[in-house]
Amino acid sequence: MLKSWKLKEIILMSIFAVVFGIVYLLFLHVGNIWSGFIGPIAYEWIFGVWFIVSIICMYIIRKPGAAVISETIAAAIEVLLGNAVGPRLILSGVIQGLGAEAVFAATRYKRFDLWVLMLAGAGSAVFSFVYGYFLGGFTVYTTGYVLFMLAVRIFSGTLIAGVGGKAIADGLLATGSLRGYSISRSKKGDARV
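Here the structure is a predicted model, which means the values were calculated and not measured. (Residues numbered from 1 in each chain as written. Predicted model: local features only at pLDDT ≥ 70, side-chain atom pairs only at ≥ 80, totals over all residues. Heavy atoms only, no water.)

1. As for the overall build of the protein
Which entries qualify depends on this criterion: Numbering goes from the N terminus for both helices and strands, where a helix is a DSSP run of H or I of at least four residues and a strand is a run of E of at least two. As a reference, a globule follows 2.2 Å times the number of residues to the power 0.38, and the radius of gyration itself is taken over C-alpha atoms. Any residue under 20% of the maximum accessible area for its type is buried, any over 50% is exposed, and the rest in between are partly exposed; the area is computed with a 1.4 Å probe on protein chains only.
Looking only at helices and strands, the protein features 8 helices and 0 strands. What you see in the protein, going N to C, is helices and strands ordered as α-α-α-α-α-α-α-α. Against the globule reference of 16 Å for 193 residues, the protein gives a C-alpha radius of gyration of 16 Å, in line with a compact fold. Along the three orthogonal principal directions, the C-alpha set of the protein runs to about 50 × 30 × 30 Å. Across the 193 residues of the protein, 50% fall into the buried class.

What follows is the structure, given as C-alpha cells:
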C-alpha cells in the first residue's frame, strides 16, 4: 500500500497522527467533563474530533490508505499517552479510519470536494457507532435515544471532521506549506487530482 508513497507523505501523515493523538486524548477529558453535566450523549456532540485526522490526511495526500493508517497511528499514540481504554482503542482507530476510507474508495480516490469530505466524516461516524453499539453497551438505551445518538454523531462527524478537516487543510495550503503534495496540484484544492 505504501509503495507509491513519497517519504515526505509518510512523514507528514505521521506528524498529523501524533498531533491529533494528543488532541484526541485532550478531548477525552473534555468529553468526561461535559458528560458529567449532560450524560453519555456529550461525547456524540464532539465525536467528529476523533475522525478529523483521517479526513485531513486523505485530503492532502490523496492516496489509498491515508485515512485508515493516519487514524490508526493517532489511536496508537493516544494509547501510548495513557488513554485508559488501552490497546482496544487502536481497533477503534482502524474502524473509524475504515469508515472514511470507504467513502474515498467509493470515489476511486478521485473526488475530494466538501461533500465527499463530509460523507467521509459521516462514514467514520456510522462505522464507529456500529462498533460502539455492541462494545459500549448502547443496548440499555431506548431505540429513540440510540437513534438520536447516531444522528448527533453523524452530524458531528460531518461538521467537525468533514468541514473542519477541510478548513484546517485549506488553511495550511494557503500558507504554501503543502506545496508538492497532491492537494496543491488540484484546482483550488477541492476538486480532482
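This is not the end of the story, as more comes after the structure.
2. Quick look at the packing of helix H1 (residues 7–38) against helix H4 (residues 66–80)
Here is the rule: Here an angle of 0 to 180 degrees is reported between the N-to-C directions of two axes, which are lines fitted to C-alpha atoms, with helices fitted over the stretch in contact. We call two directions roughly parallel when the angle between them is under 35 degrees, roughly antiparallel when it is over 145, roughly perpendicular when it lies between 65 and 115, and oblique otherwise. Handedness of a crossing is defined here by the sense of rotation of the near helix relative to the far one, left-handed for an anticlockwise turn of less than a right angle and right-handed for a clockwise turn. By definition, residues are in contact when any of their heavy atoms lie within 4.5 Å. Polarity classes work like this: nonpolar for Ala, Val, Leu, Ile, Met, Phe, Trp, Tyr, Cys and Pro, charged for Asp, Glu, Lys and Arg, and polar for all others, with Gly in that last group.
Closest axis-to-axis distance for the H1/H4 pair is 7 Å, and the angle between their directions is 50°. It follows that H1 is oblique to H4 by the angle criterion. As H1 runs across H4, the sense of the crossing is right-handed. Two secondary-structure elements touch here, H1 through Met 13, Ala 17, Val 18, Gly 21, Tyr 24 and Leu 25 and H4 through Ala 66, Ile 69, Ser 70, Glu 71, Ile 73, Ala 74, Ile 77 and Glu 78. Grouping the amino acids of the contact of H1 with H4 by side-chain chemistry returns 10 nonpolar, 2 polar and 2 charged.

3. Observations concerning unusual backbone geometry
Although it is not a glycine, Arg 62 sits at a positive phi angle of roughly 60°. Looking at the element boundaries, Arg 62 is found in the loop between helix H3 (52–61) and H4. Of note in this structure, Arg 108 is not a glycine but carries a positive phi near 60°. Turning to its location among the elements, Arg 108 is positioned in the loop between helix H5 (88–106) and helix H6 (114–135). Residue Arg 108 is classed as exposed on the basis of its relative accessible area, which comes to 67%.

4. As for the packing of H5 against H6
Helix-helix packing: each pair is described by the crossing angle between the helix axes and the interaxial distance. Their axes nearest at 7 Å, the elements H5 and H6 cross at an angle of 145°. Crossing handedness for the pair H5 and H6: right-handed. Taking contact as the criterion, the partners of Arg 88, Leu 91, Ser 92, Ile 95, Gln 96, Leu 98, Gly 99, Ala 100, Ala 102, Val 103 and Phe 104 in H5 are, on H6, Val 116, Leu 117, Leu 119, Ala 120, Gly 123, Ser 124, Phe 127, Ser 128, Tyr 131 and Leu 135. Tallied by class, residues from the contact of H5 with H6 come to 14 nonpolar, 6 polar and 1 charged.

5. Details of the nonpolar core
How we decide: As used in this record, nonpolar core signifies buried Ala, Val, Leu, Ile, Met, Phe, Trp, Tyr and Cys residues forming a set joined through side-chain atoms within 4.5 Å.
If you look at the biggest cluster of nonpolar residues, it comprises 41 residues, and the most contacted ones within it are Phe 16, Tyr 24, Ile 60 and Phe 104. Those elements that provide at least two residues to this core are H1, helix H2 (41–46), H3, H4, H5, H6 and helix H7 (143–175). What Tyr 24 contacts, discounting residues up to four positions off in sequence, is Val 49, Trp 50, Phe 51, Ile 52, Val 53, Glu 71, Ala 74 and Glu 78. The next biggest cluster of nonpolar side chains, apart from the first, holds 5 residues, and it includes Ile 41, Phe 129, Phe 138 and Met 149.

6. Structural notes on the pattern of salt bridges
To be explicit about the condition: Counted as salt bridges are all cases of a side-chain nitrogen of Lys or Arg within 4 Å of a carboxyl oxygen of Asp or Glu.
This structure, assessed with the given rule, holds 4 salt bridges. When the shortest N-O distance is used, the salt bridge between Glu 9 and Lys 63 registers 2.8 Å. Placement of the pair is Glu 9 in helix H1 and Lys 63 in the loop between H3 and H4, with a sequence separation of 54 residues. Across this residue pair, the class does not change: Glu 9 and Lys 63 are buried. Across the pair Arg 153 and Glu 44 runs a salt bridge, and its minimum N-O distance is 2.5 Å.

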